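Below, each chain spelled out in residue letters.
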Amino acid sequence: MLKKSVISLISYDAGYLPNSISSYYDYVDEIILGLDIDRISWSNNSFTFNEEKLFSELSEIDVDNKISIIEDNFHQSAIAIENDNYERNFLKAECNNDWVFSFDADEYLVNAKDFFYNYCPLVEKYADKIDICMTWATPYKIIDDTILVIANKDDSPFYGENQGVVTHKNSTFTYARWTDKSATGHNRVISPLIAIHWSLCRSKEDLHEKIHNIGHSDLVENDPFYNIWDKVTLDNYKELENFKTSGLGQAQWPKLYALPLEQLESYYQQYGVL
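Here is a short report on the structure shown in this document. The structure presented is a predicted model; accordingly, all values stated were derived computationally and were not measured.

1. A word on the overall build of the protein chain
And step 1. The number of helices and strands found in the protein chain is seven helices and 14 strands.
And step 2. Relative to its full complement of 274 residues, the protein chain shows a buried share of 55%.
And step 3. Relative to all contacts within the protein chain whose residues are 6 or more apart in sequence, the contacts with residues 24 or more apart total 76%.
And step 4. With an accessible surface of roughly 12300 Å², the protein chain has 47% of that area assigned to carbon and sulfur atoms.
And step 5. On the protein chain, the mean spot of the 23 positive side-chain charges and the mean spot of the 44 negative ones are 6 Å from each other.

Have a look at this one:
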């Protein structure tokens with residue numbers, strides 16, 4: 001079997017990283033983490049996190065010495081996406097293996113064992129020809145011990161967005177995780193992998209940073225999305241239907257669905273994507 005390398009970027013969402021890594025640590029051979037030496041994000045905004053806490057948690061996870069952290073200048077361009085591309089390509093070049101998996105810090109893999117053990121062996125012979133996609137499962141907001149998730153009208157998970165996450169070392173990242181193989185829409189293969197994408201559940205400020213970082217510089221603090229998100233409660237969330245604004249993709253979100261936070265992972269496992 002082909003050995004597997006993971007790259008991931010450390011920045012404003014660093015607090016999610018240990019949980020993310022724990023979801024795939026057992027199934028990969030090395031994990032290369034990138035950290036800007038000046039603590040400046042790819043959108044040229046300063047960020048901070050509890051470094052002692054993060055490094056301690058990573059040390060506890062890394063029982064097999066798979067994790068490496070590379071610090072460098074990853075904010076050389078005034079254009080955010082160029083910095084993102086540069087960092088991913090930089091980290092890819094540092095990988096010792098040809099099969100490269102790119103998971104962001106705020107993504108938790110729901111069905112990693114099945115993906116790595118059952119799906120990857122079926123497609124590894126095409127590793128240098130295709131990019132493999134995963135599907136985002138998108139929680140919207142945590143309120144006490146309840147979580148609101150983006151769902152279809154029948155309460156099933158809304159799986160309207162996918163991301164390229166697996167490529168070959170001979171590929172070049174050209175737009176975030178899309179490479180020269182898949183950026184035009186060709187050579188993309190959807191897999192059964194589901195990742196809980198925590199981006200929307202963070203604070204208003206962190207959410208703005210996340211979306212700005214992936215190239216939507218037109219977003220501003222008074223954007224309708226943030227104003228709505230701030231006001232959503234367990235009393236009014238059912239009023240949101242076919243909603244979404246501002247650079248978050250074209251597919252509208254049908255509605256919100258509430259469930260106990262402790263049931264989130266089983267909710268997504270119940271439905272799958274294929």
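Picking up where we left off.
2. With respect to helix α4 (residues 112-123)
And step 1. In this model α4 runs 15 Å from its N-terminal to its C-terminal C-alpha over 12 residues, within 8% of the 16 Å that 1.5 Å per residue would give.
And step 2. For α4, the complete set of buried residues consists of A112, F115, F116, Y119, C120 and V123. One side of α4 holds all its buried residues, which, seen down the axis, span an arc of 125°. Facing away from the buried side of α4, by more than 90 degrees, are the exposed residues K113 and L122.

3. Thoughts on the environment of I194
And step 1. Structurally, I194 is set in strand β12 (residues 188-197).
And step 2. The spatial distance from the C-alpha of I194 to the C-alpha of S68 is 25 Å, given a sequence separation of 126 residues.

4. Here's the deal with unusual backbone geometry
And step 1. Of note, the phi angle at N65 is positive, near 55°, even though the residue is not glycine.
And step 2. Of note, N65 is situated in the loop between α2 (51-61) and β3 (67-72).
And step 3. Given the relative accessible area of 69%, N65 is considered exposed.
And step 4. At D144, a residue that is not glycine, the phi angle is positive and equals roughly 60°.
And step 5. Within the fold, D144 resides in the loop between β7 (139-143) and β8 (146-151).

5. Quick word on the sheet that holds β3
And step 1. With respect to topology, eight strands assemble into an open sheet ordered β3-β2-β1-β4-β9-β6-β12-β5, the strand pairing being mixed. The strands lining the two open edges of the sheet, one partner per strand, are β3 and β5 (107-109). Each neighbouring strand pair of the sheet contributes to a mean axis angle of 35°, computed without reference to strand direction.
And step 2. Against the sheet, helix α1 (residues 17-24) touches β1 (4-10), β2 (30-36), β3 and β5, its axis set at about 25° to β5.

6. Things to note about the packing of α1 against α2
And step 1. Put simply, α1 and α2 touch, their axes get as near as 10 Å, and they point 15° apart. For the element pair α1 / α2, the angle class is roughly parallel. For the element pair α1 and α2, the recorded crossing hand is right-handed. In this structure, α1 uses L17, P18 and I21 to contact α2, whose residues at the interface are L54, E57, L58 and I61.
And step 2. Split by residue class, the contact of α1 with α2 holds six nonpolar, no polar and one charged.

What counts as what
- Residues numbered from 1 in each chain as written.
- Predicted model: local features only at pLDDT ≥ 70, side-chain atom pairs only at ≥ 80, totals over all residues.
- Heavy atoms only, no water.
- Helix = DSSP H or I, 4+ residues; strand = E, 2+ residues; numbered from the N terminus.
- Buried < 20%, exposed > 50% of the residue type's maximum accessible area, 1.4 Å probe, protein only.
- Contact = heavy atoms within 4.5 Å.
- Areas by Shrake-Rupley, 256 points an atom, 1.4 Å probe, with all protein chains shown as cover.
- Lys, Arg positive; Asp, Glu negative; His and termini not counted.
- Charge placed at Lys NZ, Arg CZ, Asp CG, Glu CD.
- Expected span 1.5 Å × (residues − 1).
- Arc of directions from axis to C-beta.
- Pairing = 2+ DSSP bridges.
- Axes fitted to C-alpha atoms, helices over the stretch in contact; angles between N-to-C directions.
- Parallel < 35°, antiparallel > 145°, perpendicular 65-115°, else oblique.
- Left-handed = near helix turned anticlockwise from the far one by under 90°.
- Nonpolar A, V, L, I, M, F, W, Y, C, P; charged D, E, K, R; others polar.

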